[in-house]
Amino acid sequence: MKLGRALLIALYRLAPEKIYERPASLIAPGRILLDVGGARGTLAYLASGKFELSIVVDVDPAHFPRARRGGVVEFVCASGCHLPLRSGSVDSAVFHDSLHHLESPREGIGEAARVLREGGFLYVFDFDGSKPMGRVIRLFERIVGFPGNLLALSELGGLLEGFSVLRLERGRFSSYTLVATKRTTRETP
């Protein structure tokens, strides 16, 4: 796990800001943004102008930047499976290349659903575990000590009870973009 942790920290520090620009541009404005597994907070910083507050949650504080950038971004050390936020308190929840790092993606999606307000948005930018590149990433991450819980899109779909999918795009290298909204109690069958 030490090797995996060191590799992940290095990858996030070296990741160019450009890979976060498109996802950040898709996020609808609101009051509070939650970036689950957001590491250095790059996505949260890029989207921070759309929110009064952006919260980055990550289990490893070594990912957090030493110096803060502009924008109102707070960093919280916690698991994406046990979010220390009130129910219904968040306008948008984002998993950018992080859902598959959780011990239980099911619990992570469940926690996002809990903290999202009705009509709030869920964004998942990740890799399809049923595709060749997704399987390679899963194997590599397990070798270096990560959970490597890449879901097939069909599995992710099964976790979205209470959500309406607004957008689902497949990208390069088995990646995908999913945007969903939490149904209001009036919409729930």
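Refer to the structure above for everything that follows.
Residues numbered from 1 in each chain as written. Predicted model: local features only at pLDDT ≥ 70, side-chain atom pairs only at ≥ 80, totals over all residues. Heavy atoms only, no water.

## Here's the deal with the overall build of the protein chain
Line of reasoning, step 1. A tally of helices and strands in the protein chain yields six helices and seven strands.
Line of reasoning, step 2. When its helices and strands are written in sequence order, the protein chain yields α-α-β-α-β-β-β-α-β-α-α-β-β.
Line of reasoning, step 3. At 15 Å, the protein chain has a C-alpha radius of gyration in line with the 16 Å of a compact globule built from 189 residues.
Line of reasoning, step 4. Projected onto its principal axes, the C-alpha coordinates of the protein chain cover approximately 45 × 40 × 30 Å.
Line of reasoning, step 5. For the protein chain, buried positions account for 50% of its 189 residues.
Line of reasoning, step 6. Taking the intrachain contacts of the protein chain between residues at least 6 apart in sequence as the baseline, contacts between residues at least 24 apart amount to 59%.
Line of reasoning, step 7. Surface summary for the protein chain: the accessible area is close to 9400 Å², and the carbon and sulfur share equals 57%. (Helix = DSSP H or I, 4+ residues; strand = E, 2+ residues; numbered from the N terminus. Rg over C-alpha atoms; globule rule 2.2 N^0.38 Å. Buried < 20%, exposed > 50% of the residue type's maximum accessible area, 1.4 Å probe, protein only. Contact = heavy atoms within 4.5 Å. Areas by Shrake-Rupley, 256 points an atom, 1.4 Å probe, with all protein chains shown as cover.)

## As for a nonpolar patch on the surface
Line of reasoning, step 1. A contiguous nonpolar surface patch, about 280 Å² in accessible area, is contributed by Met133, Val136 and Phe173.
Line of reasoning, step 2. Counting through the fold element by element, Met133 comes out in helix α5 (residues 132–143). (Patch = residues over 30% accessible without salt bridge, like charges linked within 9 Å, V, L, I, M, F, W, Y side chains within 5 Å. Salt bridge = Lys/Arg side-chain N within 4 Å of Asp/Glu carboxyl O.)

## Quick notes on the sheet that holds strand β5 (residues 116–127)
Within a sheet, adjacent strands bond to each other through the backbone by hydrogen bonds, running parallel or antiparallel.
Line of reasoning, step 1. On the basis of which strands lie adjacent, the open sheet formed by seven strands has the order β3-β2-β1-β4-β5-β7-β6 and mixed pairing. Each edge of the open sheet is held by one strand with a lone partner, namely β3 (73–77) and β6 (163–170). Direction aside, neighbouring strands of the sheet carry axes that sit 15 degrees apart on average. (Pairing = 2+ DSSP bridges. Axes fitted to C-alpha atoms, helices over the stretch in contact; angles between N-to-C directions.)

## Things to note about helix α4 (residues 105–115)
Line of reasoning, step 1. Of all the residues in α4, the buried ones are Pro105, Gly108, Ile109, Glu111, Ala112, Ala113 and Val115.
Line of reasoning, step 2. Packed against the buried residues of α4 are β1 (32–36), β4 (90–96), β5, α6 (153–158), β6 and β7 (175–182).

## A look at the packing of aromatic side chains
Line of reasoning, step 1. Applying the stated criterion across every chain yields a total of four aromatic pairs.
Line of reasoning, step 2. Between Phe121 and Tyr123, the aromatic rings sit 6.2 Å apart at their centres with planes inclined by 35 degrees, giving tilted as the arrangement.
Line of reasoning, step 3. Residue class for Tyr123 comes out buried when judged on its relative accessible area of 1%.
Line of reasoning, step 4. Aromatic side chains Tyr123 and Phe125 sit 6.4 Å apart centroid to centroid with 5 degrees between the ring planes, which places their arrangement in the stacked category. The pair formed by Tyr123 and Phe125 is uniform in burial state, with each residue classed as buried. (Phe/Tyr/Trp six-rings, centres within 6.5 Å; stacked < 30°, edge-to-face > 60°.)

## Digging into the pairing of strand β2 (residues 53–58)
Line of reasoning, step 1. Burial within β2 is extensive, with five of its six residues counted as buried.
Line of reasoning, step 2. When β1 meets β2, the two strands line up parallel, connected through five bridges. Bridge pairing in β2 links Ile32 to Leu53.
Line of reasoning, step 3. Assessed by its sense of winding, the connection that carries the chain from β1 through helix α3 (residues 42–47) to β2 is right-handed.
Line of reasoning, step 4. Inspection of the sheet shows β2 paired to β3 by five bridges, in the parallel sense. Its bridge partner lying in β3, Ser54 is registered against Val73. (Right-handed = clockwise from strand over helix to strand, strands pointing away.)

## Quick look at the nonpolar core
Line of reasoning, step 1. Within the largest apolar cluster, 29 residues are counted, with the highest numbers of intra-cluster contacts made by Leu34, Phe95, Leu99, Ile109, Leu122, Val124 and Leu156.
Line of reasoning, step 2. Secondary-structure elements contributing two or more residues to this core are β1, β2, β4, α4, β5, α6 and β7.
Line of reasoning, step 3. Sorting elements by how many residues they give to this core places α4 first, with four residues.
Line of reasoning, step 4. If we skip the residues at most four places from it in the chain, Val124 touches Phe95, Leu99, Ile109, Leu156, Tyr176, Thr177 and Leu178.
Line of reasoning, step 5. Leu8, Phe64, Phe75 and Phe146 belong to the second largest nonpolar core, which has 22 residues in total. (Core = buried A, V, L, I, M, F, W, Y, C linked by side-chain atoms within 4.5 Å.)

## What to know about the pattern of salt bridges
Line of reasoning, step 1. All chains considered together, the criterion is met by five salt bridges.
Line of reasoning, step 2. A salt bridge links Asp128 to Arg170; its shortest N-O distance comes to 3.1 Å. In this pair, Asp128 is assigned in the loop between β5 and α5 and Arg170 in strand β6, connecting sequence segments 42 residues apart.
Line of reasoning, step 3. A salt bridge links Glu169 to Arg167, with the nearest nitrogen and oxygen atoms 2.5 Å apart.
Line of reasoning, step 4. Because the salt bridges share partners, they merge into one network encompassing Arg22, Arg167 and Glu169.

Fair warning: the whole summary comes from geometry, so function is off the table for now.
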